There are 2 protein chains.
Amino acid sequence: MSAPPPPPRPPARRGRGRPTSPVLTGDGITAEAVRLLEERGRDGLTMAALARRLGVSPSALYNHVATKQDVLRAVQDDVNRRIDCSGFDGPPWDEALARWAWSYRDAYARHPALVPIIAVTPVSSAPHTVAMYERVSAGLLAGGWPAHLVTNVVVAVESFVLGSALDTQSPEDIFDPGELDAPTVRTANAARPGGDTARAAFDLGLEALLTGLRAVLAQQGPQEG
Amino acid sequence: MSAPPPPPRPPARRGRGRPTSPVLTGDGITAEAVRLLEERGRDGLTMAALARRLGVSPSALYNHVATKQDVLRAVQDDVNRRIDCSGFDGPPWDEALARWAWSYRDAYARHPALVPIIAVTPVSSAPHTVAMYERVSAGLLAGGWPAHLVTNVVVAVESFVLGSALDTQSPEDIFDPGELDAPTVRTANAARPGGDTARAAFDLGLEALLTGLRAVLAQQGPQEG
DNA sequence: ACCTGAACACCGTTCAAGT
DNA sequence: ACCTGAACACCGTTCAAGT
């Protein structure tokens, strides 16, 4: 058998004979990866799929990123950039924290695949992520929190937010015991109001968490400003 | 080239000529999967690795499980079985909830790969998981919580627990801004006490959450018992 | 410097063939 | 009924070769 003719190629984007601007850039890869993740989900974001949408061969990506993990980190930073930290510029810390938490949850509800990554990824190469933490930390400090508790407050709220973001993905019947014997679970399910149940649970938990944090802060006594 | 001789095989576990008890069982696969996950982590749990440790070819597993997701679900239920719900048999609901939350967090800190799974997996084929929810729900109801809030309380605490379990996997320097400009983040990092920082954040958050939940319950007024 | 195409060492899963 | 071994359609990544 002779080799089949090469398949038709997408329109050439490169110049001929002389160096031109590169087809790919790091930012272009990140932007396309965000779209791909939103459209096709975690399993849809493959290096091959990403390359195809960029009109390039998979190996070309490796001139711009070292690994797929790199791409995910960049996507992450891009998502974090859009989280609303504006509350920390004026309103009281608890109100600001609530606004931040809602925005944070909504962002990761759209990108649940990123949850296991942010929990583990160092922040040092993610400028927008660092900027977010800077604003949140400054707001808490200005709100009267002692410096030694600031990071723990951030981590506690963040843990609740990320867990809640995962919960938004759960199917409606997740607590249906099926054939199994669980009368109280059935009772609680039946009594739970319909609608956006993940939202109701987040609302309850966030209110409780903030109430408790206010109590903790009140026990600390006034801080130096 | 002639085919190379077959490699030496592990000691035969099967009888000859007559039907014997099968090499594999669903429970045996689950138990080995738990060990593999603990020893080699998420990426170490492959169907091929699982089969090798069971002395069997990968395709043999598919006589007992439909997909790898099945294996993960069974592992999950096995992990949930060991979570401590004993508090709900006597102590007040808030104390019981705290004990449950700590035990739950510790279990998933050992199995962070399962976190994205439990958040999304229906409970109907997981008997130990249902039994856990049954005890927790009954304890909250007995503790005075109105039925329509029970599931939301469970989900809120669970979200915090699972997010915190992921946080236990974060590297020590996760908040180090590196070259980036983030003075308040630096201040907060420096003031944060060393030791088990994930534990300190969980402790703070859980205390706050429980304080807030007590306040929510107090507003509800007494319930029918 | 940046891209292509072939290749490598894996995945999870299917299926005909054996006993 | 339950296992083997070959095969399939993928992965992420590397690398020599081209311009």
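Residues numbered from 1 in each chain as written. Chains lettered and ligands numbered in written order. Predicted model: local features only at pLDDT ≥ 70, side-chain atom pairs only at ≥ 80, totals over all residues. Heavy atoms only, no water.

The name an unreviewed UniProt entry assigns to chain A is AcrR family transcriptional regulator, from the organism Kineococcus aurantiacus.

Trainee: Tell me about helix H6 (residues 127-142) of chain B, residues and numbers included.
Mentor: Across its 16 residues, H6 of chain B extends 22 Å between first and last C-alpha, which sits within 8% of the 22 Å expected from 1.5 Å per residue. Taken together, the buried positions of H6 of chain B are Thr 129, Val 130, Met 132, Tyr 133, Glu 134, Val 136, Ser 137, Gly 139 and Leu 140 of chain B. Looking at the buried side of H6 of chain B, the elements it contacts are helix H8 (183-191) of chain A together with helix H3 (68-81), helix H4 (93-109), helix H5 (115-118) and helix H7 (147-167) of chain B. At the C-terminal side of H6 of chain B, Gly 144 of chain B shows a positive phi close to 110°. (Helix = DSSP H or I, 4+ residues; strand = E, 2+ residues; numbered from the N terminus. Expected span 1.5 Å × (residues − 1). Buried < 20%, exposed > 50% of the residue type's maximum accessible area, 1.4 Å probe, protein only. Contact = heavy atoms within 4.5 Å.)

Trainee: Outline the environment of Gly 212 of chain B, listing residues and values.
Mentor: Within the secondary structure, Gly 212 of chain B is located in helix H9 (residues 197-220). Classification of Gly 212 of chain B by relative accessible area gives buried; the value is 1%. Among residues more than four places away in sequence, those in contact with Gly 212 of chain B are Ala 208, Thr 211 and Gly 212 of chain A.

Trainee: If you had to explain the interface of chain B and chain A to someone new, which residues and values would you point to?
Mentor: Each partner contributes residues to the interface: chain B has 63 residues there, and chain A has 64 residues. Taken over both partners, the interface formed by chain B and chain A buries close to 5100 Å², and the fraction arising from carbon and sulfur atoms is 74%. Inspection of the chain B/chain A interface yields zero salt bridges. Our count for the chain B to chain A interface comes out at eight residue pairs in polar contact (both at pLDDT 80 or more). Among the elements of the structure, H5, H6, H7, helix H8 (183-191) and H9 of chain B are those that each provide at least two residues to the side of chain B that touches chain A. At 15 residues, the largest contribution of residues to the side of chain B that touches chain A is made by H7 of chain B. (Buried area = accessible area lost by both parts, 1.4 Å probe. Salt bridge = Lys/Arg side-chain N within 4 Å of Asp/Glu carboxyl O. Polar contact = N/O pair within 3.5 Å; in protein donor to acceptor, adjacent residues only side chain to side chain.)

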